[in-house]
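# Structural overview for review
In case you want the letters, here they are:
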Amino acid sequence: MTEQLDELADLIRDERLRELRVALDELHIGDVVDFLERLGVKDRAVTFRLLPKDTAVEVFDMLDQALQHEIIEGLKDGEVAHFFESLEPDDRVRLMDEMPASVARKMLRHLDPRERSLTNIVLGYPSGTIGRQMSPEFVAIPEHWTVRQAMEKVRRAGTDAETIYTLPVVDRQRLLKGVVSLRDLLTNDDEQIVEALMTEADSVDADHDAEDAARRCADRKHLAMPVTDKEHRVVGIFTVDDALDILERAESEDAARHGGAEPLHRPYLSTPVLTIMRSRVVWLLVLAVGATLTVQVLDIFESTLEQVVALALFVPLLIGTGGNTGNQAATTVTRALALGDITTRDVFKVLWREVRVGLTLGSVLGALGFVLVGLWGPGDGNPWAIAAVICLTLVSMCTLAASAGGMMPILGKKLGADPAVFANPFISTFVDATGLIVYFMIARAVLGL
């Protein structure tokens, strides 16, 4: 497939647009999306205009919001209105979040009254909540209806609904009473009452955190979940495909921040070089400033290094081991927080567990280091003394690093920050500086310096 996409790129470069149009018609919709994501802004706009109208609508709906915004900027007003109106209300709101407020308001005014009303429902909820991600287009079934009546409503309104496989069941005040599946409606007698078929609804409040709601939907394997207001009235539906999209974005953000960068929020090949640079430079500057602490520690213990030069040989080994240990702990705890395995109330349980893990790891590595350094390491005639320093330092540093690595994501969560931010950059800086202090203090004590 990569070779085929490269061939299409050659057609763009050679301006063989007629051949490109024919080749695009033969591609699957998903492959067209992949191809557009690999192109620059100008080439993407040219290629998008070559797509048939129906195909263009499907492709536009599948693109990231950042790329949708770029395409919108290159379209005429009439085309913009067409593609904007083709989106589902929740997708439309996510695109509006990418745009300047004045442009978003202008596009909202051009919607027909029904679509504008549905979009305003989603816009009414704060960013980051599930209300901002739900679809207000759903089919609600009154509990006193028969299966026949329910199926008639599904046939009549199902075309515009986000999903018809899981249907909220409501009472006369539109309060959520349960859910019924399309399978149950199809396999039961027409005169059966819906109330007898419904099951308990696993709903979510519209003001609930979107990532947490998405995790619940995916973990419990729901096709859809009703979204309710504070009075428990159904205001929308949240589907598993939207849940997976939210979790994918969250995973991408965590992966980027674990690596000391900000998430791109768009495909890599379509991201400008300066944007990639800006996503990385902030944390590089943080690490560079943090590294000055390590330099200061080395300067403070300069006399110790002058007396036993061999100690300098093990500095990279020790700070590397400590940093890796801390990052392992931070990654594990961050993931556990995301999955809901632990909460900020479990701080002391996590601390006690990581102390034991770090102590065990340090003991294993320390014993191995003691043997290797004692047998083959430098030491100016006393290699076993140096070996003892390395052993004790590894035990102390691994315990310290694992403890700090486990605590920092919880601290970040408690402060309302992204726990992933507290993983790589801050752990490395903290462990490097404190680990070296521990190293030289142990060296002074053991070697009598």
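## Some details on the sheet that holds strand E2 (residues 166-170)
- The mixed open sheet is built from three strands, whose spatial order is E1-E2-E3. Strand pairing shows two members of the sheet lacking a second neighbour, strand E1 (141-142) and strand E3 (176-181), which therefore form its edges.

## Let's talk about the packing of aromatic side chains
- Per the counting criterion, the structure on display carries three aromatic pairs.
- Seen in terms of ring centroids, tyrosine 439 and phenylalanine 440 are 5.2 Å apart; in terms of plane orientation they differ by 35°. Their pairing is tilted. For the pair shown, tyrosine 439 and phenylalanine 440 are each scored as buried.
- Against the face of phenylalanine 84 rests arginine 92, its NZ or CZ located 5.7 Å from the ring centre.

## Section: the pattern of salt bridges
- Throughout the structure, instances matching the rule amount to 15 salt bridges.
- Between glutamate 115 and arginine 114 there is a salt bridge, with its nearest N and O atoms 3.2 Å apart.
- Arginine 215 is the salt-bridge partner of glutamate 211, the closest N and O atoms lying 3.9 Å from each other. Here glutamate 211 pairs with arginine 215, and both are found in helix H14 (residues 210-219), just four residues apart, close to one helical turn.
- When its relative accessible area of 31% is taken as the criterion, glutamate 211 is described as partly exposed.
- One continuous salt-bridge network, built from bridges that share partners, spans Arg92, Arg114, Glu115 and Glu137.

## Describing unusual backbone geometry
- Even without a glycine there, the phi angle at arginine 174 is positive, about 65°.
- Its place among the elements puts arginine 174 in the loop between E2 and E3.
- Judged by relative accessible area, which is 39%, arginine 174 ranks as partly exposed.
- Phi is positive for lysine 221, close to 60°, though the residue is something other than glycine.
- The residue lysine 221 is located in the loop between H14 and strand E5 (224-228) in this model.
- Looking at lysine 221, the relative accessible area reads 72%, which means it is exposed.

## Quick look at the nonpolar core
- With 34 residues, the main nonpolar core has Leu8, Leu20, Leu24, Phe48, Val59 and Phe60 as its most contacted residues.
- Considering each element in turn, this core owes the most residues, five residues, to helix H3 (residues 29-37).
- If sequence neighbours within four positions are ignored, phenylalanine 60 has contacts with Phe48, Gln68, Ile71, Ile72, Phe83, Leu87 and Leu95.
- In this structure, Val308, Met397, Ala401 and Val431 belong to the second largest nonpolar core, which totals 26 residues.

## Description of a nonpolar patch on the surface
- On the surface, Leu368, Val371, Leu372, Leu375, Trp376 and Trp384 cluster together to form a nonpolar patch covering roughly 660 Å² of accessible area.
- The element that contributes the greatest number of residues to the nonpolar patch is helix H20 (residues 347-376), accounting for five residues.
- For leucine 375, a relative accessible area of 49% translates into the label partly exposed.

Procedures and definitions
- Residues numbered from 1 in each chain as written.
- Predicted model: local features only at pLDDT ≥ 70, side-chain atom pairs only at ≥ 80, totals over all residues.
- Heavy atoms only, no water.
- Pairing = 2+ DSSP bridges.
- Helix = DSSP H or I, 4+ residues; strand = E, 2+ residues; numbered from the N terminus.
- Phe/Tyr/Trp six-rings, centres within 6.5 Å; stacked < 30°, edge-to-face > 60°.
- Buried < 20%, exposed > 50% of the residue type's maximum accessible area, 1.4 Å probe, protein only.
- Lys NZ or Arg CZ within 6 Å of the ring centre and 35° of its normal.
- Salt bridge = Lys/Arg side-chain N within 4 Å of Asp/Glu carboxyl O.
- Core = buried A, V, L, I, M, F, W, Y, C linked by side-chain atoms within 4.5 Å.
- Contact = heavy atoms within 4.5 Å.
- Patch = residues over 30% accessible without salt bridge, like charges linked within 9 Å, V, L, I, M, F, W, Y side chains within 5 Å.
- Areas by Shrake-Rupley, 256 points an atom, 1.4 Å probe, with all protein chains shown as cover.

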